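# Examining the three-dimensional arrangement
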Amino acid sequence: MTRHALPLALLTVILVACSGAGPSPSPAPTPAPTPQPSPSPSAAFYLRAYYTQSIPPRGTFNWLPILTVSDGVLLDGNVAIDMIFPGPLTILPVARQITPAGMAMLIDEARRLGLLSDKADYTGDGPMPGDRLAQLQLVVDGVTYNLTGNPDAVTCASNPCQADPGTPEAFAAYWQELTLADTWLDAELGPSQQYVPDRVALLLAPPTNLGMPNRPADWPFDTPMAQAGVEFPGEAGDRCVTLSGDALAAIWPTLRDGNQLTVLVDSAGTQASPIVRVLVPGDESPCPDNA
């Protein structure tokens, strides 16, 4: 199953474009601190649910949050992708308007399960090394809750899930409901549309041989790739840059339409395999110092 949607520009996020445009004929992504678009403390409601795991950072670079709710828009990161090779270069969440009643349902369910308290750790007996952990950030009436839990602590056969409030099982129950939010919240959601990001993190890695010819694409900046952004930890030669504004617009068609065989080539002939992380509202860039 593949989801198709029209471009959408629903979200308004205060962003700072990449520096280095100057008189250059094209934007140049260069290292520069970028303010984070964190949820406003006065926001009525914000939610972001995402996974973390202790594996090499390149392995989690392009992970999308499973669900984000911000400024009346729900972004579903559980996107169905055709299991073919080469797959798409960029995975985009699906965007749907959510009504105030739908947001109230999410808040009421978190409150029913005892998650809106001063407790932050719902991992139970503690995670095993390398376990995937569920991270949940909620902003309710100006109060921020940052929760960590085991998403597999319970399997629900009922709707809504039944678990003792404030327990690891309650966290897991809520998490499972979030993965199915588009079903139980369907009446409170608008039509599905493809999200068009305002910010993207781009990892430039040495090209690899995937058994098929690579597909070259022009690097549209004057800054050579070897100098773009900052070094990324984990693998030698990796560079990381956060793109927004004119810089993102210059490369977005390549990122949007590329696939796993896409290789960027700059004016010096340097090649790099791009890995794309779409940044949703409130999502920090994985690039060190947000270059």
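Residues numbered from 1 in each chain as written. Predicted model: local features only at pLDDT ≥ 70, side-chain atom pairs only at ≥ 80, totals over all residues. Heavy atoms only, no water.

The biggest cluster of nonpolar side chains holds 35 residues, and the ones touching the most others in it are Phe45, Leu47, Leu136, Leu138, Tyr174 and Leu178. Going through the elements one at a time, strand S2 (45–53), strand S3 (67–70), helix H2 (100–112), strand S7 (132–140), strand S8 (143–149) and helix H3 (168–179) are the ones with two or more residues in this core. Ranked by residues supplied to this core, first place goes to H3 with seven residues. Discounting residues that sit within four places of it in the chain, Phe45 has contacts with Val69, Met103, Leu106, Ile107, Leu138, Val139 and Val140. Counting 27 residues, the second-largest nonpolar core is a separate cluster that includes Ala95, Tyr195, Phe221 and Met225. (Core = buried A, V, L, I, M, F, W, Y, C linked by side-chain atoms within 4.5 Å. Buried < 20%, exposed > 50% of the residue type's maximum accessible area, 1.4 Å probe, protein only. Helix = DSSP H or I, 4+ residues; strand = E, 2+ residues; numbered from the N terminus. Contact = heavy atoms within 4.5 Å.)

According to the stated counting rule, one finds seven salt bridges in the structure shown. Salt-bridge contacts for Asp283 lead to Arg48; the nearest nitrogen and oxygen are separated by 3.6 Å. A residue pair is termed long-range when its members are at least 10 positions apart, and Asp283 in the segment after strand S15 (271–279) and Arg48 in strand S2 qualify at 235 residues. For the residue pair Asp283 and Arg48, the accessibility class agrees, reading buried in each case. The partner of Arg58 in a salt bridge is Asp238, with the nearest N and O atoms 2.8 Å apart. (Salt bridge = Lys/Arg side-chain N within 4 Å of Asp/Glu carboxyl O.)

With that settled, the discussion passes to unusual backbone geometry. Following Phe85, the chain continues into Pro86 via a peptide bond in cis, with omega recorded as 0°. Tracing the backbone through its elements, the reader meets Pro86 in the loop between strand S4 (73–76) and strand S5 (94–97). Positive phi values are uncommon outside glycine, yet Asp71 reaches one of about 50°. A relative accessible area of 55% means that Asp71 is categorised as exposed.

Time to look at the confidence of the model for the protein chain. Residues of the protein chain with pLDDT of at least 70 account for 84%, and the chain-wide mean is 85. When the criterion is pLDDT under 50, residues 1–42 qualifies, and its contacts beyond four places in sequence or with other chains add up to 103 contacts. (pLDDT = per-residue confidence, 0-100.)

Relative to the 18 Å expected for 13 residues at 1.5 Å per residue, H2 spans 18 Å between its end C-alpha atoms, a close match to the ideal helical length. Inspection of H2 places Gly102, Met103, Leu106, Ile107, Glu109 and Ala110 among the buried residues, and these make up the whole buried set. All buried residues of H2 lie within an arc of 160° about the axis, which places them on one face of the element. The secondary structure elements touched by the buried residues of H2 are S2, S3, S7, H3 and helix H4 (181–184). (Expected span 1.5 Å × (residues − 1). Arc of directions from axis to C-beta.)

A few words now on the sheet that holds strand S10 (residues 199–205). What the six strands build is an open sheet, ordered S11-S14-S15-S10-S13-S12; its pairing is mixed. Where the open sheet ends on each side, the last strands, each with one partner, are strand S11 (215–218) and strand S12 (230–231). Sheet contacts for helix H5 (residues 245–257): S10, S11, strand S13 (239–244), strand S14 (262–265) and S15; angle to S13, the most-contacted strand, approximately 110°. (Pairing = 2+ DSSP bridges. Axes fitted to C-alpha atoms, helices over the stretch in contact; angles between N-to-C directions.)

Turning to the environment of Pro168, a few remarks are in order. Of note, Pro168 is situated in helix H3. Pro168 sits 43 residues away from Asp125 along the chain, and the two C-alpha atoms are 9.3 Å apart. If near-sequence neighbours (up to four positions away) are discounted, Pro168 is found in contact with Lys119, Tyr122, Gly124 and Ala153.

The next thing to look at is a nonpolar patch on the surface. Side chains of Phe85, Leu210 and Met212 sit close together on the surface and give an oily, nonpolar patch of about 260 Å² of accessible area. Judged by relative accessible area, which is 42%, Phe85 ranks as partly exposed. (Patch = residues over 30% accessible without salt bridge, like charges linked within 9 Å, V, L, I, M, F, W, Y side chains within 5 Å. Areas by Shrake-Rupley, 256 points an atom, 1.4 Å probe, with all protein chains shown as cover.)

All right, on to the side chain of Arg277 then. Position of Arg277 relative to the elements: it lies in strand S15. One polar contact links the side chain of Arg277 to the main-chain carbonyl oxygen of Trp63, over a distance of 3.4 Å. Looking at Arg277, its side chain comes within polar contact range of the side chain of Asp283, at 3.2 Å. Excluding residues within four positions of it along the chain, Arg277 makes contact with Thr60, Phe61, Asn62, Trp63, Val200, Ala201, Asp283, Glu284 and Pro286. (Polar contact = N/O pair within 3.5 Å; in protein donor to acceptor, adjacent residues only side chain to side chain.)

Right, let's get into the state of the cysteines. The final tally for this structure, using the stated rule, is one disulfide. Disulfide pairing places Cys240 opposite Cys287 at an S-S distance of 2.0 Å. Sign of the S-S torsion, about -75° for the bond between Cys240 and Cys287, identifies this disulfide as left-handed. Residue Cys240 is located in strand S13, and its partner Cys287 is located in the segment after S15; the two are separated by 47 residues in the primary sequence. As far as burial versus exposure is concerned, Cys240 and Cys287 are alike and both buried. (Disulfide = S-S within 2.5 Å.)

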